[in-house]
Amino acid sequence: NDATINSTEVESLENIPIQPLVFLFRGLFVQMLFVVPIGLWWIRGIQPLLLFLGQGKELSQMTEIYLRILSPGLWCYSVNFTFTSWLQSINMADVPPYAALAGFVMHIPLNILLVRVLGFGYQGVAMATVMFQLLQPILICTYLFGTAKGRSRMLEHTGAKGIGRTHLSFRREILTALGSPSGIGQYLVLSLPGVVVITEWWASEVCVFL
């Protein structure tokens, strides 16, 4: 009977979503809601807008091509930013700097290869930036979810180990993250003031176009 009770308790614990992972997946979902449409707009082309804002035809065309190549980098940057903030909140802030260092080490050689050796010019800069932004979340996810040490640290720092969880789960956390409109609203309430904080940066970007 005791064994049956213990087995039932363990199964019950495994069915409890790991709340920090819920917050991570919710953050990624909300971020993608904003940046995916922007990236698709870049891919479609923003030259008409730039011409409307008074940019020259040649510069507008070059900018359109550059942003079209750069669009996957926007999505990767958003994922990387979300992971970085989340890891800081669970006291694993040491992980993103290692990924950033690896990206930095590769960034300069990639620029030289794509710009000079392969002759892509300014488009090669955009390609190198995409690879730089892509490498970081790949390294972070590989460490967190693909190594025993990373998974163990995740269990410990998310509090899952403290309630008896022995492995990470994802499906339940994703469903919980996406199935709570109030939770998504709470995330937006906490995140939107951050957009206001960087209005000076947005203003400087607008001045570039004008």
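Residues numbered from 1 in each chain as written. Predicted model: local features only at pLDDT ≥ 70, side-chain atom pairs only at ≥ 80, totals over all residues. Heavy atoms only, no water.

## What to know about the packing of helix 2 (residues 19-44) against helix 4 (residues 57-89)
- Contact geometry of helix 2 with helix 4 gives a least axis separation of 9 Å together with a crossing angle of 170°. Put simply, helix 2 runs roughly antiparallel to helix 4.
- Here the residues of the contact of helix 2 with helix 4 sort into 19 nonpolar, six polar and three charged. (Axes fitted to C-alpha atoms, helices over the stretch in contact; angles between N-to-C directions. Helix = DSSP H or I, 4+ residues; strand = E, 2+ residues; numbered from the N terminus. Parallel < 35°, antiparallel > 145°, perpendicular 65-115°, else oblique. Nonpolar A, V, L, I, M, F, W, Y, C, P; charged D, E, K, R; others polar.)

## Focus: unusual backbone geometry
- One non-glycine residue with positive phi stands out, namely Asn91, at about 65°.
- One can find Asn91 in the loop between helix 4 and helix 5 (95-117).

## Some words on the nonpolar core
- Leu21, Leu24, Trp86, Leu87, Ile140 and Leu144 are the most contacted members of the largest nonpolar core, which has 20 residues in total.
- Elements represented by at least two residues in this core include exactly helix 2, helix 4, helix 5, helix 6 (122-146) and helix 7 (148-157).
- Those residues within four positions of Leu87 in sequence are excluded, and the remaining contacts are Met92, Ala93, Val95, Pro96, Ile140 and Leu144.
- Val35, Trp42, Leu50 and Leu67 belong to the second-largest nonpolar core, a separate cluster that totals eight residues. (Core = buried A, V, L, I, M, F, W, Y, C linked by side-chain atoms within 4.5 Å. Buried < 20%, exposed > 50% of the residue type's maximum accessible area, 1.4 Å probe, protein only. Contact = heavy atoms within 4.5 Å.)

## Structural notes on the pattern of salt bridges
- Counted under the stated rule, the structure contains two salt bridges.
- The shortest N-O distance in the salt bridge between Arg68 and Glu64 comes to 3.8 Å. Of this pair, Arg68 and Glu64 both sit in helix 4, four residues apart, roughly one helical turn.
- Using a relative accessible area of 32% as the deciding quantity, one classes Arg68 as partly exposed.
- For Glu64, a relative accessible area of 11% corresponds to the buried category.
- With a closest N to O distance of 2.9 Å, Arg153 and Asp94 form a salt bridge. Here the residue Arg153 occupies a position in helix 7, and Asp94 occupies one in the loop between helix 4 and helix 5, the gap between them amounting to 59 residues.
- Since its relative accessible area comes to 17%, Arg153 is described here as buried. (Salt bridge = Lys/Arg side-chain N within 4 Å of Asp/Glu carboxyl O.)

## Some points on a nonpolar patch on the surface
- Taken together, the side chains of Leu101, Phe104, Val105, Met106, Ile108, Ile112, Leu113, Val117, Leu118 and Phe120 define a hydrophobic patch exposed on the protein surface, amounting to about 950 Å² of accessible area.
- Along the chain, the position of Phe104 falls in helix 5. (Patch = residues over 30% accessible without salt bridge, like charges linked within 9 Å, V, L, I, M, F, W, Y side chains within 5 Å. Areas by Shrake-Rupley, 256 points an atom, 1.4 Å probe, with all protein chains shown as cover.)

## Examining the side chain of Arg165
- Tracing the backbone through its elements, the reader meets Arg165 in the loop between helix 7 and helix 8 (171-178).
- With relative accessibility at 3%, the residue Arg165 sits in the buried group.
- A distance of 2.5 Å separates a polar side-chain atom of Arg165 from the backbone oxygen of Ile16. (Polar contact = N/O pair within 3.5 Å; in protein donor to acceptor, adjacent residues only side chain to side chain.)

## Some thoughts on the confidence of the model for the chain
- When the pLDDT values of the chain are averaged, the result is 86; 85% of them are 70 or greater.
- Contacts for the low-pLDDT stretch residues 1-7, under 50 throughout, to residues beyond four places or in other chains number zero contacts. (pLDDT = per-residue confidence, 0-100.)

## What to know about the packing of aromatic side chains
- Counting across every chain of the model gives three aromatic pairs.
- Ring centres of Phe145 and Phe170 lie 5.3 Å apart, and the angle between their planes is 80°; on these two criteria the pair is classed as edge-to-face. Placement of Phe145 in helix 6 and of Phe170 in the loop between helix 7 and helix 8 is noted, with a sequence separation of 25 residues between them.
- With a relative accessible area of 24%, Phe145 lands in the partly exposed category.
- Within the aromatic cluster, the residues linked to one another by ring pairs are Phe25, Phe145 and Phe170. (Phe/Tyr/Trp six-rings, centres within 6.5 Å; stacked < 30°, edge-to-face > 60°.)

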